[in-house]
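Coordinate inspection notes
The lines below spell out each chain.
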Amino acid sequence: FPSHDMELRGWYRQQGFITTAAMVDTDGYVYTGTDDGKILKHDPEVFSYDGAVISSRLETPYLDFYEPDHYKRIIQGKVVCRGNGQYDLGMSTKINYGLSTASSHNIPITTGAFTWGGGTWTSDLSVYQWGNAPINRHKLYPGGIFENISFTFVNAAADQPVDLLEMTLEVEYLNLI
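Residues numbered from 1 in each chain as written. Predicted model: local features only at pLDDT ≥ 70, side-chain atom pairs only at ≥ 80, totals over all residues. Heavy atoms only, no water.

All right, on to the sheet that holds strand β14 (residues 135-140) then. Reading across from one edge, β14-β9-β16 is the order of the three strands in this open sheet, with antiparallel pairing throughout. Edge positions in the open sheet fall to β14 and β16 (162-174), since each of these has one partner strand only. Strand-to-strand twist of the sheet, defined as the mean angle between neighbouring strand axes without regard to direction, takes the value 15 degrees. Looking at chain direction, strand β9 (residues 71-83) and β16 are connected through twelve bridges and run antiparallel. Bridge pairing links glycine 83 to valine 162 in β16. (Pairing = 2+ DSSP bridges. Helix = DSSP H or I, 4+ residues; strand = E, 2+ residues; numbered from the N terminus. Axes fitted to C-alpha atoms, helices over the stretch in contact; angles between N-to-C directions.)

Along the polypeptide, serine 100 turns up in strand β11 (residues 100-109). Expressed as a C-alpha distance, the spacing of serine 100 and glycine 144, which sit 44 residues apart in the sequence, is 9.3 Å. Once residues within four sequence positions are removed from consideration, serine 100 is found in contact with Thr93, Lys94 and Ile95. (Contact = heavy atoms within 4.5 Å.)

Inspection of every chain in the model, using the stated rule, returns two aromatic pairs. Here tyrosine 62 and tyrosine 97 contribute two aromatic rings whose centre-to-centre distance is 5.2 Å and whose plane-to-plane angle is 55 degrees, an arrangement assigned as tilted. With a gap of 35 residues between them, tyrosine 62 in the loop between β8 (56-59) and β9 and tyrosine 97 in the loop between β10 (87-95) and β11 connect regions that are remote in the sequence. A relative accessible area of 27% means that tyrosine 62 is categorised as partly exposed. The class of tyrosine 97 is exposed, set by a relative accessible area of 62%. (Phe/Tyr/Trp six-rings, centres within 6.5 Å; stacked < 30°, edge-to-face > 60°. Buried < 20%, exposed > 50% of the residue type's maximum accessible area, 1.4 Å probe, protein only.)

The structure is reproduced here in structure tokens:
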């Protein structure tokens, strides 16, 4: 996200800070508090930093599915997301508190078909369009046997937003000695 420093009253690209708090205020803007005491206001209309791609990253905590001492594996999973354009959302998994990487996946984000009168109308974002970005459903099969697992989603290839709507995992508990 491009960030607005409330103290310095300037826009800049923020990377590498530790978020201590985030909220959506009554004005509809996302505010983020950093570990050094700054409050940043995010602009939902800006998807690039002076023309450069802004990469975003979401990392889950390590999940042990309420059985920290049992080994598990994921039989299958599903990610439901929506983007604005056509690019790949990267997903990787780390297992056992980062001791190894289990698998990596590219989740294709597809653009919608905009039609009018039975024909292709336009995909130009500056022109009024009939239609919305489609919901993408992607099946995945993360590999590896683990006690706990973390998922990292990276949107680094596009200057467009992505909504991660749902992630479903089918987990098998193993009887390993």
